[in-house]
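Structure at a glance
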Amino acid sequence: NNMLSGVERRGIHGLPEVVYGKTGYFNNAGFQVVLGADIAGRLYTIVTTGHHYPKTRHDHITRLIDAIRPYALS
């Protein structure tokens, strides 16, 4: 999975916080992901669905992790 730490595929870099994940695609729901992210020692489960492309799914997960990080550090 290109979201896992240390992985790079098709120009997309893995996210260092991601410790596990499951991606998928359904006709009605589009591209989706369920993943676990270790942010500041806390494990967060992040779920997103309805993306037309894997890149938009990855970008959305990146924005969600960036939004969580300041709260996890406080």
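All of these numbers come straight from a predicted model, not from anything done at the bench. (Residues numbered from 1 in each chain as written. Predicted model: local features only at pLDDT ≥ 70, side-chain atom pairs only at ≥ 80, totals over all residues. Heavy atoms only, no water.)

**Thoughts on the overall build of the protein**
- Broken down by element type, the protein carries one helix and five strands.
- When the helices and strands of the protein are listed from N to C terminus, the series reads β-β-β-β-β-α.
- The contacts of the protein with a sequence gap of at least 6 include a subset with a gap of at least 24, amounting to 30%. (Helix = DSSP H or I, 4+ residues; strand = E, 2+ residues; numbered from the N terminus. Contact = heavy atoms within 4.5 Å.)

**A closer look at the nonpolar core**
- With ten residues, the main nonpolar core is built from Leu15, Val18, Val33, Leu35, Ala37, Ile39, Ile46, Ile61, Ile65 and Ala72.
- In this structure, Ile65 is in contact with Leu15, Glu17, Val18, Ala37, Ile39 and Ile46, ignoring residues within four places of it in sequence. (Core = buried A, V, L, I, M, F, W, Y, C linked by side-chain atoms within 4.5 Å. Buried < 20%, exposed > 50% of the residue type's maximum accessible area, 1.4 Å probe, protein only.)

**A closer look at the side chain of His51**
- Among the secondary structure elements, His51 is positioned in strand β5 (residues 42-51).
- Overall, the relative accessible area of 12% leaves His51 in the buried class.
- Within the structure, His51 has its side chain in polar contact with the side chain of Thr48 (distance 2.8 Å).
- Looking at His51, its side chain comes within polar contact range of the side chain of His60, at 3.3 Å.
- Residues within four places of His51 in sequence aside, it is in contact with Ala29, Gly30, Phe31, Thr56, Arg57 and His60. (Polar contact = N/O pair within 3.5 Å; in protein donor to acceptor, adjacent residues only side chain to side chain.)

**Remarks on the pairing of β5**
- In this sheet, β5 lies alongside strand β4 (residues 30-39) in antiparallel orientation, the contact comprising eight bridges. Residue pairing across strands places Asp38 opposite Leu43, the latter belonging to β5.
- Hairpin connection between β4 and β5: a loop of two residues separates the two successive antiparallel strands, and Ala40 in this loop has a positive phi of roughly 55°. (Pairing = 2+ DSSP bridges.)

**Notes on the pairing of strand β3 (residues 18-26)**
- Bridge count for β3 against β4 is eight bridges, and the pairing is antiparallel. Bridged to Val18 within β4 is Ala37.

**Things to note about the sheet that holds β5**
- Pairing is antiparallel in the open sheet, where three strands are placed in the order β3-β4-β5. With partners counted over all chains shown, the strands left at the sheet margins are β3 and β5, one partner each. Sheet twist, expressed as the mean angle between neighbouring strand axes with direction ignored, is 10°. (Axes fitted to C-alpha atoms, helices over the stretch in contact; angles between N-to-C directions.)

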